[in-house]
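What follows is the residue order along each chain.
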Amino acid sequence: MVNNICKNIQHVRLYKPLVWNITNQVVMNNTANALLAIGALPIMSHEKAEFEDLANIANVLVVNIGTMDDALFESTKIACSEISAIAKPWVLDPVGAGASKFRTSKALDLLKMRPTVVRGNASEIMALANAGISQSKGVDSYHHSSEALASGKFLADKFQTIVCISGAVDFIICGSEITSIKNGHQLMTQVTGLGCTATALIGAFVSVNDHFYEAAVTAVALLSVVGELAEKRASGPGTLQTNILDLLYSITEKEFLTNLKKDSYESA
Amino acid sequence: MVNNICKNIQHVRLYKPLVWNITNQVVMNNTANALLAIGALPIMSHEKAEFEDLANIANVLVVNIGTMDDALFESTKIACSEISAIAKPWVLDPVGAGASKFRTSKALDLLKMRPTVVRGNASEIMALANAGISQSKGVDSYHHSSEALASGKFLADKFQTIVCISGAVDFIICGSEITSIKNGHQLMTQVTGLGCTATALIGAFVSVNDHFYEAAVTAVALLSVVGELAEKRASGPGTLQTNILDLLYSITEKEFLTNLKKDSYESA
Amino acid sequence: MVNNICKNIQHVRLYKPLVWNITNQVVMNNTANALLAIGALPIMSHEKAEFEDLANIANVLVVNIGTMDDALFESTKIACSEISAIAKPWVLDPVGAGASKFRTSKALDLLKMRPTVVRGNASEIMALANAGISQSKGVDSYHHSSEALASGKFLADKFQTIVCISGAVDFIICGSEITSIKNGHQLMTQVTGLGCTATALIGAFVSVNDHFYEAAVTAVALLSVVGELAEKRASGPGTLQTNILDLLYSITEKEFLTNLKKDSYESA
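Rules used throughout
Residues numbered from 1 in each chain as written. Chains lettered and ligands numbered in written order. Predicted model: local features only at pLDDT ≥ 70, side-chain atom pairs only at ≥ 80, totals over all residues. Heavy atoms only, no water. Helix = DSSP H or I, 4+ residues; strand = E, 2+ residues; numbered from the N terminus. Rg over C-alpha atoms; globule rule 2.2 N^0.38 Å. Buried < 20%, exposed > 50% of the residue type's maximum accessible area, 1.4 Å probe, protein only. Contact = heavy atoms within 4.5 Å. Least-squares fit on C-alpha atoms with pLDDT ≥ 70 in both. Phe/Tyr/Trp six-rings, centres within 6.5 Å; stacked < 30°, edge-to-face > 60°. Buried area = accessible area lost by both parts, 1.4 Å probe. Salt bridge = Lys/Arg side-chain N within 4 Å of Asp/Glu carboxyl O. Pairing = 2+ DSSP bridges. Axes fitted to C-alpha atoms, helices over the stretch in contact; angles between N-to-C directions. Polar contact = N/O pair within 3.5 Å; in protein donor to acceptor, adjacent residues only side chain to side chain. Nonpolar A, V, L, I, M, F, W, Y, C, P; charged D, E, K, R; others polar. Parallel < 35°, antiparallel > 145°, perpendicular 65-115°, else oblique. Left-handed = near helix turned anticlockwise from the far one by under 90°. pLDDT = per-residue confidence, 0-100. Disulfide = S-S within 2.5 Å. Expected span 1.5 Å × (residues − 1).

## A look at the overall build of chain A
Helix and strand counts for chain A come out as eleven helices and nine strands. Whereas a compact globule of 268 residues would reach a radius of gyration of roughly 18 Å, chain A reaches 17 Å, a difference of no more than 12%. Seen along its three principal axes, the alpha-carbon backbone of chain A occupies a region of about 45 × 40 × 35 Å. Taking all 268 residues of chain A together, 64% fall into the buried category. Residue pairs in contact within chain A that sit at least 24 positions apart in sequence constitute 72% of those at least 6 positions apart.

## Remarks on the relation of the copies chain A and chain B
What relates the two chain copies is a rotation about an axis together with a slide along it. Of the two same-sequence chains, chain A is brought onto chain B (RMSD 0.0 Å, axial shift 0.0 Å) by a rotation of 120 degrees. The transformation relating the two chain copies, once decomposed into turn and shift, fits a three-fold axis. By C-alpha distance to the rotation axis, the residue of chain A lying nearest is Q25 of chain A, at 3.8 Å. Residue by residue, only 7% of the interface of chain A is reproduced at the interface of chain B, so the copies engage with different surfaces.

## A closer look at the packing of aromatic side chains
Any pair of aromatic rings gets described here by the distance separating the centres and the angle formed by the planes. Residues and elements named next belong to chain B. Tallied over the full model, the rule gives three aromatic pairs over all chains. Measuring from ring centre to ring centre gives 5.2 Å for W20 and F51, while their planes differ by 55 degrees; the resulting arrangement is tilted. Note that W20 is positioned in strand β1 (residues 18-22) and F51 in helix α3 (residues 51-57), a separation of 31 residues in sequence.

## Observations regarding the relation of the copies chain C and chain A
It takes a turn of 120 degrees to lay chain C on chain A, together with a shift of 0.0 Å along the axis; the resulting RMSD is 0.0 Å. Comparing interface residues between copies, only 7% of those in chain C also sit at the interface in chain A, which points to a heterologous contact through distinct surfaces.

## Topic: the interface of chain C and chain A
Taken together, the contact between chain C and chain A spans 27 residues of the former and 24 residues of the latter. Summed over both partners, the interface of chain C with chain A buries about 2,100 Å², with 56% contributed by carbon and sulfur atoms. Sorting the residues of chain C by area buried against chain A places Q25, V26 and Q190 of chain C first, and these three jointly supply 25% of that buried surface. Joining chain C to chain A, the criterion identifies two salt bridges.

## Comments concerning the pairing of strand β6 (residues 162-166) of chain B
Residues and elements named next belong to chain B. Within β6, four of the five residues are buried, which leaves the element mostly enclosed by the surrounding structure. Sheet topology note: the β6/strand β7 (residues 170-174) ladder contains three bridges and is antiparallel. Of the residues in β7, the one forming a bridge with C164 is I172. Here β6 hands over to β7 after three residues, the two strands then running antiparallel side by side.

## A word on the sheet that holds strand β3 (residues 60-64) of chain C
In any sheet, the strands associate via hydrogen bonds between backbone groups, in a parallel or an antiparallel arrangement. Residues and elements named next belong to chain C. Spatially, the nine strands line up as an open sheet ordered β2-β1-β3-β4-β5-β6-β7-β8-β9, and their pairing is mixed. Looking at strand neighbours, the two that pair on one side only are β2 (41-44) and β9 (262-266), the edges of this open sheet. Ignoring which end each strand starts from, the neighbouring axes of this sheet average 20 degrees apart. Of the pairings in the sheet, the one linking strand β1 (residues 18-22) to β2 comprises four bridges and is parallel in character. Within the sheet, the bridge partner assigned to N21 lies in β2 and is M44. Against the sheet, helix α4 (residues 70-85) touches β1, β3 and β4 (90-93), its axis set at about 155 degrees to β3.

## Considerations on the interface of chain A and chain B
Counting residues at the interface gives 27 residues for chain A and 24 residues for chain B. Across the chain A to chain B interface the summed buried area is about 2,100 Å²; carbon plus sulfur atoms make up 56%. Contact with chain B buries area across many residues of chain A, yet Q25, V26 and Q190 of chain A alone supply 25% of it, more than any other trio. Viewed at the interface, chain B and chain A are joined by two salt bridges. The partner of E50 of chain B in a salt bridge is R103 of chain A, with the nearest N and O atoms 2.8 Å apart. Counting the contacts that link chain A with chain B gives 13 residue pairs in polar contact (both at pLDDT 80 or more). Contributions of two or more residues to the side of chain A that touches chain B are made by α5 (101-111) and α10 (237-250) of chain A. Of the residues that constitute the side of chain A that touches chain B, the class distribution is ten nonpolar, 13 polar and four charged.

## Observations concerning the packing of helix α2 (residues 28-38) of chain B against helix α10 (residues 237-250) of chain B
All names here are of chain B. Closest axis-to-axis distance for the α2/α10 pair is 7 Å, and the angle between their directions is 30 degrees. Comparing the axis directions of α2 and α10 gives the class roughly parallel. Once α2 is placed against α10, the crossing between them reads as right-handed. Residues N30, N33, A34, A37 and I38 of α2 form the contact with α10, whose own contacting residues are Q241, L245, L248 and Y249. Taken together, the residues that form the contact of α2 with α10 break down as six nonpolar, three polar and no charged.

## Concerning the pattern of salt bridges
Residue and element names in this part refer to chain C. According to the stated counting rule, one finds 18 salt bridges over all chains in the structure shown. One salt bridge in this structure joins E74 and K77, with 3.6 Å as the shortest N-O distance. On the criterion of helical spacing, the pair formed by E74 and K77 is a turn pair, its members being three residues apart in helix α4.

## Some points on the confidence of the model for chain A
Residue and element names in this part refer to chain A. Looking at chain A as a whole, the pLDDT averages 93, with 95% of positions reaching at least 70. This model gives residues 134-141 a pLDDT under 50, and the stretch forms 14 contacts once residues within four places in sequence are excluded. Both scores are given for the predicted complex: the pTM is 0.95, the ipTM 0.94.

## Focus on the state of the cysteines
In this structure the tally under the stated criterion is zero disulfides over all chains. Free cysteine C164 of chain A: the closest other cysteine sulfur is in C174 of chain A, separated by 9.6 Å.

## What about the sheet that holds strand β7 (residues 170-174) of chain A?
All names here are of chain A. Ordered in space as β2-β1-β3-β4-β5-β6-β7-β8-β9, the nine strands form an open sheet in which the pairing is mixed. Each of the sheet's edge strands pairs with one partner strand only, and the pair in question is β2 (41-44) and β9 (262-266). The sheet shows a mean angle of 20 degrees between the axes of neighbouring strands, taken without regard to direction. By the bridge criterion, five bridges tie β7 to strand β8 (residues 177-181) in an arrangement that is antiparallel. Bridge pairing in β8 links D170 to I181. Relative to the sheet, α5 contacts β3 (60-64), β4 (90-93) and β5 (117-121), its axis offset from that of β4 by approximately 165 degrees.

## Digging into helix α8 (residues 194-206) of chain B
Residues and elements named next belong to chain B. Its 13 residues place the ends of α8 18 Å apart at the C-alpha level, agreeing with the 18 Å of an ideal helix rising 1.5 Å per residue. The buried fraction of α8 amounts to twelve of the 13 residues, a majority that puts the element mostly inside the structure. Residues of α8 that are buried: L194, C196, T197, A198, T199, A200, L201, I202, G203, A204, F205 and V206.

## Regarding unusual backbone geometry
Outside of glycine, negative phi angles account for most residues, and trans bonds account for most peptide bonds. Residues and elements named next belong to chain B. Of note, the phi angle at A87 is positive, near 60 degrees, even though the residue is not glycine. By the secondary structure assignment, A87 is in the loop between α4 (70-85) and β4 (90-93). The exposure class of A87 is exposed, given its relative accessible area of 70%.

Take a look at the structure:
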C-alpha cells in the first residue's frame, strides 16, 4: 500500500479535485488552506439553491457539524442526499458528538445516511457507538484512540462505512481491516481544527481514488507525518499551523516514506 | 497578587477549562487557537437546542457581538440566562458598541444581564456608559483608555461587574480598585481580534479562579506581556499573530514576571 | 500614475478609512487582517438593523458572495442601496460566479446595482459576461486572465464600472483604458482568499481617492508586488500568507516601485 499512498498524493496534486465543504465557522479558513496546500480546490456553500449544481461539479462533499444549527442541519441532509444520489463520496466529521444530545443525535442522523468515511476523536466515536444502541450518555471525557477501537469497529460494521479515529495513534477501520498510524505530535492538539483538516483531506483523497480505505489511510498518514515534521521546526502552536500548511504543499515522497510509521492488520 | 497571577496561568494549563464561545465570525479561528494555546478547550455554538447541555459542561461562557444579528442576539440572551442560572461566570465583549445604535443597544441589554466581566476598548466603554444614562451618541472616535476610566467606573458600579478597558494602557476596574497594565505594543492594533482574544482569555481565567478581579487582571496582563514579547520577534502583523500563539503556549513564569508592568491603586 | 500610486498607499495609512465588509465566512479573518495591515479599519456586519448607521460612518462597502445564502443576499442588496444612496463607493467580488446558477444570477443582480469596481478571476468575469447576454453556461474551467479581457471590457461598458481580472497577469479595465500588472507568484493561488483580499484592498483605496481607476490599480498592484516579494521569503503557502500581512504593513515606496511591472494602454 505504501507505493499507492505516494501515488495518491500525486493524484490530488495532478487532478485538483473540487471539494465541497459544509463545515464549521471556526475552521473554514484553515480547511480551505489545507485543501489548497495539497493541490485540491475548496468550495464552501450552505445555500440549498445551489446544491444540485455543486453536487454536479464537486468531486466530493465534506460535512462537519462543529457549529451546526437546526436550519443548517436540514440543508446538510439535502446536500448528502444530492451527492449520494449521483454516487459521489462524502465524508462526515461529527465534531462534539457526545458534548450535547443535539450533536450526538444530528451526527447519528447523518451517519445513517451512510457517509463514505466518518472521522472523529475517540470520545466522538464512542459517543456515536453508544448512541447507536442506546440513549446518548452526554459528554465523554477524553479517551485514548485505542479505547475507541471497539466502538469504531461497531460503527464501521453497522453503517458499512470506513471509520477513522484520531489520537496519539490514528486508526482507520474498514471491515475487518485496521491500519494504525503512529505519527503526529502532542502539540497538534493545541491547534484548532486539525481534526477537521484531516476530514477535509480524507475528502480530497477519496475523490481521486475508488479504493476508499487506501485513500483514507493516505490522508490520515499525510497529515500525521506532516504534523510531526512541522513540529520539529515550530516554536509553538502558531508556527506549527503555518509549518503544516507549508509542508502539506512541499513534502516529498522520500520525506513522507522515511517518517511514516504505519501498521496494518486484521481485527479479531 | 503577582504570585497568584503565575498560579492562575498554571491553573488554566492544568485544569483545561471548557470555554463556550458565542462569538463573531471574524475571530472564531484565532479565539479558538488562543484558548488552546493557554491550555483551555474552546467550543463554539449558537444552536439553542444544545445550550442547556453546554451550560452544564462548560466552565464559562464568552459572548462577543462582533457580527451579531437579531436572531443570534435572541439566542445569546438565552445562553446568558442558562449559564447565570447555574451560577457560572460569563464575559461580554461589546464589539463596536457606539458604531451603531443596534450594537450599543444590544450590548447594553446584555450588560443588564450582569456579566462577570465586560471588556472593550475606550470608545466601546464610553458608548455604553453614555447609553446607560441617555441615548446613544452614535460612533465614537478613538480615545485613549485613560479617557474611558470614568465611564468604566460608572459601568462597574451600575452593573456590579468588572470592567476591562484595553488600550496602550489596559485598565481593570472592580469596585474602587483599579489595576493598570502598561505592556503591549502598538502593532497589536493591526492584528484583528486581539481584543476578542483578551475577552476569551478572561473567560478562561475566571472559570478557574473565584477571585474574578485577579483572574481578569491575569488574562489582560498575560496577553499584553505576550504581545510585547511577540512583537520583538515579529516583522509585521502576520508574524506577530503567529508569535502571540507561540508565546501564549510557551511563556515561562520568569519571562512573564520580568516584563510585567502592573500597578494597582484605589480610585477616588 | 506611479507617483500617485505611492501617494495612495500613504493616504490609506494616514486616513485609516473604515471599510464595511459583507463577506464570506472563509476569508473574514484574513480580510480583516489585510485591511488592518495597510492601515484601514475593517468592520463586518450583515444585520440590516445597523445598515443605515454603518453606511453613514463607513467610507466604503465591500460585498463578497463567497458563502452567500438567499437571506444574506436580500440584506446585501439593501446595504448596496444604502451606500449608493449617499454616493459612497462599493466594490463587488462575485466569488464562484459560473460555479452555480445561484451564484451567477446573484452576482449579476448585484452587478446591475452598479458597483464602483468588480473584481474576479477570469472564469468569474467570463461567466458574468456570458450570463449578461444569455443563460449561464454553468461552471467554467480555469482560464488565463487574458482570455477574459473581452468579457471584462463588455462588463465595464455595459455596467459602467471598473473591472479587475486577477490572474498571472492582472488587468484593470476602465472604459477604453487597460492597465496590466505582471507581478505576483503562482504560489498565491494556494492561499485561500487572496482574491478576496484584493477586493477588500480595492475598497480601501477607492474610499480615499476619487480617481477610482487609479485607486483600483494601486490596490491590485500593491497586493501583487507584496505577494511576489513575500514568496521569496516563504517555504510554502503558510508562510506566504504570514509574509503577505507583514509586507502589506511594512513595504516601502522604494521596494514597491523597484518591483512594479505595470503597463497601461488604450484598448482597440
